[in-house]
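Given next are the chains, with one letter for each unit.
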Amino acid sequence: MVRTAGARGRIRPCGRRRRCGRGALLACAAWAAGWVLAAALLLRAHPDVLSERCTDEKSRRILAALCQDYRGGALAGDLCEDLCVAGTLRYWRCLYYERGKKVLQADWRGRPVVLKSKEEAFASFRPPGLLEDPAEDAAWGFPDAELLLLAAGEVRSALGLELPAGRLGPLWPGHQGPRGRSQLASLWALLQQEEFVLLVTLQGLSPHTLPVLGSCGHFYAVEHLAAGSPGHSALFPLDGARRGHARAVGDMALSFLDLVRHFDHDFSHRLHLCDVKPENFAIRRDFTVVAIDVDMAFFEPKMKEILEQNCTGDKDCNFFDCFSKCDLRVSKCGAQRVNSNLQVVCDKIFRHWFPSTLRGSAVSVLLQRQLREAVRECADPGSPQGADPLVFWKLRQLLQAALRELQEAEK
């Protein structure tokens, strides 16, 4: 039956109120689910969308609160006196806030450093169970064996692996006395920060990660190095470099290959880099590449735990730059990563450099073409991980040959 225009303009009342209410409820749920899905996709594509505005005023307030807690005896650390009393650790500028994480640049006795914390406030971190009883003595008073056991549990949670007791020792100062409780509380705030635990675990073991210089409460300090950026023609600042642009890029590329080999083979478990971009790396004066942000770096056991999730397709098994495959028979992502650190470095870093960096240089056209093809082969997501060693050595030999030609041309 054809309705009149007037009939089309009126909304019919529901014949059965329950059925009408159920329909409205379903429509509302679908609308909400759509918005949740859209928000999730937006956050996945742009994780910094919820980042706070980085301001000097707020950064100074955060450090003032830190010092207030220190003077009140709530926290401790080997940098607290310099920051809160002597004034030899001075705030300089805010670098960035991201999803709660605070990263600030400071000057420590004339040396530029970076202060980091996963959270703004000390109270945001869970205290250790040993301090939950207010009747506990304020002195240290806790057996070393018990502390090691508790710390090992925190490390296992953060990294997904067991560490020898000898590697756990540097995680906290061995001082005893009136600040024992605050030292323990500060240690526990640091142990809840995966990046801190990883950096301390690798302390002295890797030239490609930053050593932890000290801490105050939940903030820890690392060396300040100029980070990379897509805005730089070579991705990394080359101010003051004593060699040509092409040679500098060649040296950095070789250092990236050394970092990949080192992270793949030199620890008890492979270390996976799941967020490869110029901003997460820096270079030293000798062109050694340093991973300066390792929030998204995971040893093999933790990587398996992260990847092994429910799925309906391969896209559900992509964790930033670390990919797995969906087993549709059980609707579960495989625990093994199917791409590699080398593939991602080739895709996110080397593709930008080659062949554009060598064009017009003294490197032969034949060698430029071979290097370009090797980078394309390396970055191919369809390449099996088993081909990595062959591609790695091919790239290394080609880069060394390119550097030799550049050096010969400069003589």
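Further up the page is the structure itself.
Residues numbered from 1 in each chain as written. Predicted model: local features only at pLDDT ≥ 70, side-chain atom pairs only at ≥ 80, totals over all residues. Heavy atoms only, no water.

A.B. asks: Where do I start with the side chain of E223 in this structure?
C.D. replies: Mapped onto the secondary structure, E223 falls in strand β5 (residues 219-223). What E223 contacts, discounting residues up to four positions off in sequence, is R111, P112, V114, L210, P211, L213 and R284. (Helix = DSSP H or I, 4+ residues; strand = E, 2+ residues; numbered from the N terminus. Contact = heavy atoms within 4.5 Å.)

A.B. asks: Could you clarify how one ought to interpret the pattern of salt bridges in this entry?
C.D. replies: Close approach of charged atoms lets side chains of opposite charge pair. One pass over the full model with this rule turns up 25 salt bridges. Across the pair D258 and R261 runs a salt bridge, and its minimum N-O distance is 3.3 Å. On the criterion of helical spacing, the pair formed by D258 and R261 is a turn pair, its members being three residues apart in helix α9 (residues 245-265). Under the relative-accessibility criterion, D258 is labelled partly exposed at 30%. One continuous salt-bridge network, built from bridges that share partners, spans K101, K116, E195, D293 and D295. (Salt bridge = Lys/Arg side-chain N within 4 Å of Asp/Glu carboxyl O. Buried < 20%, exposed > 50% of the residue type's maximum accessible area, 1.4 Å probe, protein only.)

A.B. asks: In this structure, what is going on with the nonpolar core? I would like to understand it.
C.D. replies: The nonpolar side chains of a soluble globular protein tend to be buried, and buried together. Counting 79 residues, the largest nonpolar core has F256, F281, F350, W353, F354 and L395 as its most contacted members. Among the elements that line this core, the one with the most residues is α9, at ten residues. Look past the residues within four positions of F281 in its chain and what remains in contact with it is A226, A227, G228, F236, F256, L259, L273, V276, V289, V290, A291 and I292. Listed in part, the 27 residues of the second largest apolar core include L66, Y70, Y97 and C216. (Core = buried A, V, L, I, M, F, W, Y, C linked by side-chain atoms within 4.5 Å.)

A.B. asks: Got a minute to help me understand the state of the cysteines in this structure?
C.D. replies: When the sulfur atoms of two cysteines share a covalent bond, that bond is a disulfide. This structure, assessed with the given rule, holds seven disulfides. In this model C274 forms its disulfide with C322; the gap between the sulfur atoms is 2.0 Å. Across the S-S bond linking C274 and C322, the dihedral sits near -100°, which makes this disulfide left-handed. With C274 in the loop between β6 (271-273) and β7 (281-283) and C322 in strand β11 (residues 322-323), this pair connects stretches of sequence that are 48 residues apart. Judged by its relative accessible area of 0%, C274 is buried. On the basis of relative accessibility, which here comes to 0%, the residue C322 falls in the buried class. A sulfur-sulfur distance of 2.1 Å marks the disulfide that ties C317 to C333. In this structure, the disulfide formed by C317 and C333 twists by about -90° around the S-S bond and is classed as left-handed. Here C333 lies in strand β13 (residues 332-333) and C317 lies in the loop between α10 (300-307) and β10 (318-319), a separation of 16 residues in the sequence. (Disulfide = S-S within 2.5 Å.)

A.B. asks: How should I be thinking about the pairing of β5 in this particular structure?
C.D. replies: In summary, the side chains of a regular strand alternate between the two faces of the sheet. Most of β5 sits out of view: five of its five residues are buried. Relative to β5, strand β3 (residues 111-117) runs antiparallel, the two being bridged by four bridges. When the sheet's bridge partners are listed, L115 is paired in β5 with A221. Sheet topology places strand β4 (residues 212-216) next to β5; four bridges connect them, and they run antiparallel. Following the sheet pairing, S215 is matched in β5 by Y220. Counting the residues that bridge the hairpin from β4 to β5 gives two residues, and of these G217 lies at a positive phi of roughly 60°. (Pairing = 2+ DSSP bridges.)

A.B. asks: Help me understand the packing of helix α11 (residues 341-353) against helix α13 (residues 388-410), please; the structure alone is not making it clear to me.
C.D. replies: In a pair of packed helices, the angle between the axes and the distance between the axes together describe the arrangement. Relative to each other, α11 and α13 sit at 40°, their axes nearing to 10 Å. Here α13 runs oblique to α11, going by the angle between their axes. In contact with L342, Q343, C346 and F350 of α11, α13 contributes D388, F392 and L395. The residue makeup of the contact of α11 with α13, split by class, is five nonpolar, one polar and one charged. (Axes fitted to C-alpha atoms, helices over the stretch in contact; angles between N-to-C directions. Parallel < 35°, antiparallel > 145°, perpendicular 65-115°, else oblique. Nonpolar A, V, L, I, M, F, W, Y, C, P; charged D, E, K, R; others polar.)

A.B. asks: Please clarify how the packing of aromatic side chains should be interpreted in this entry.
C.D. replies: Each aromatic ring pair is characterised by the separation of its centres together with the angle its planes make. In this structure the tally under the stated criterion is 14 aromatic pairs. With a centroid separation of 6.1 Å and 90° between ring planes, the pair formed by F267 and F299 is classed as edge-to-face. Taken together, the residues F267 in the loop between α9 and β6 and F299 in strand β9 (residues 297-299) connect sequence positions 32 residues apart. Look at F267 and you get buried, because its relative accessible area is 16%. Overall, F299 belongs to the buried group, its relative accessible area being 4%. A centroid spacing of 5.1 Å and a plane angle of 85° characterise the contact between F392 and W393, whose relative ring orientation is edge-to-face. The exposure class of F392 is buried, given its relative accessible area of 8%. Members of the aromatic cluster, connected to one another through ring pairs, are F236, F256, F281, F350, W353 and F354. (Phe/Tyr/Trp six-rings, centres within 6.5 Å; stacked < 30°, edge-to-face > 60°.)

A.B. asks: Is there a simple way to explain the sheet that holds strand β1 (residues 89-98) in this structure?
C.D. replies: Hydrogen bonds between backbone atoms are what pair the strands of a sheet, whose relative direction is either parallel or antiparallel. Judged by pairing direction, the sheet is antiparallel, and its five strands sit side by side in the order β1-β2-β3-β5-β4 without closing on themselves. Edge positions in the sheet fall to β1 and β4, since each of these pairs with one other strand and no more. Each neighbouring strand pair of the sheet contributes to a mean axis angle of 25°, computed without reference to strand direction. By the bridge criterion, eight bridges tie β1 to strand β2 (residues 101-108) in an arrangement that is antiparallel. Looking at β2, one finds that Y97 is bridged to K102. Sitting on the sheet, helix α8 (residues 194-201) is in contact with β2, β3, β4 and β5, with an inclination near 50° to β5.

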